[in-house]
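Each chain is listed here by its residues.
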Amino acid sequence: MPTDDFFARPAPMVACDLLNARLLVGGVGGLIVETEAYEPDDPASHSFRGETKRNRAMFGPPGHAYVYRSYGIHWCLNFVCRSGSAVLIRAIEPQVGLEAMRARRQTDKVQLLCSGPGRLCQALAVDGTMDGLALDRSPFDVIPASGLPVVVVGQRIGITRAVDKPWRFGVAGSPFVSRRFT
């Protein structure tokens, strides 16, 4: 598990360094292959206008989960960094618990199990009850990458503000990212 010091850094640094780390939730998961960074002075960040009931976990200690519902439909998992900043986990390469993921997602297509934050949360059974939980204890297990992969960088997806920030990071050539990097 990365230490709190690992997370107590600027979100873009953490987002890049999380690539190829292993994320398990309840023993199910795989390698992180795509992330996005959000900082408190970033107009696209949930923390931009200050603390609310919804984003309270973003203002808590580093190394905790910030889980929210997107568009009232999909859960999204973020790792809290410095106060008001977080890293959205956009995609993983499924490796452990494939049958559980397939059942939860109702698909046999491995590339569609965890490619996108909503799919990832459904496959790993992440929901709002996990908001604010520490990443260094159950149900989470985050195992640092043994080495940094070749990283590709691009613009974040699905936002309308601060779209020019190159704060989306991915493992080069991974077929499991939510959208190709251009």
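Cut-offs and rules
- Residues numbered from 1 in each chain as written.
- Predicted model: local features only at pLDDT ≥ 70, side-chain atom pairs only at ≥ 80, totals over all residues.
- Heavy atoms only, no water.
- Buried < 20%, exposed > 50% of the residue type's maximum accessible area, 1.4 Å probe, protein only.
- Helix = DSSP H or I, 4+ residues; strand = E, 2+ residues; numbered from the N terminus.
- Contact = heavy atoms within 4.5 Å.
- Polar contact = N/O pair within 3.5 Å; in protein donor to acceptor, adjacent residues only side chain to side chain.

### Quick look at helix α4 (residues 117-124)
Part 1 of the argument: The element α4 is largely enclosed, with a buried count of six among its eight residues.
Part 2 of the argument: Next to the buried residues of α4 lie β1 (22-25), β2 (28-38), β4 (74-80), β5 (86-96) and α3 (98-105).

### Topic: the environment of Leu124
Part 1 of the argument: Along the polypeptide, Leu124 turns up in helix α4.
Part 2 of the argument: Along the backbone, Leu124 and Ser174 are 50 residues apart, and their C-alpha atoms lie at a distance of 19 Å.
Part 3 of the argument: Setting aside its immediate chain neighbours within four residues, Leu124 contacts Leu23, Val25, Val28, Gly29, Ile92, Met101 and Arg104.

### Considering the environment of Thr107
Part 1 of the argument: Inspection of the secondary structure puts Thr107 in the loop between α3 and α4.
Part 2 of the argument: Among residues more than four places away in sequence, those in contact with Thr107 are Arg102 and Leu113.
Part 3 of the argument: Within the local environment of Thr107, its side chain forms a polar contact with the backbone nitrogen of Lys109, the two atoms lying 3.1 Å apart.

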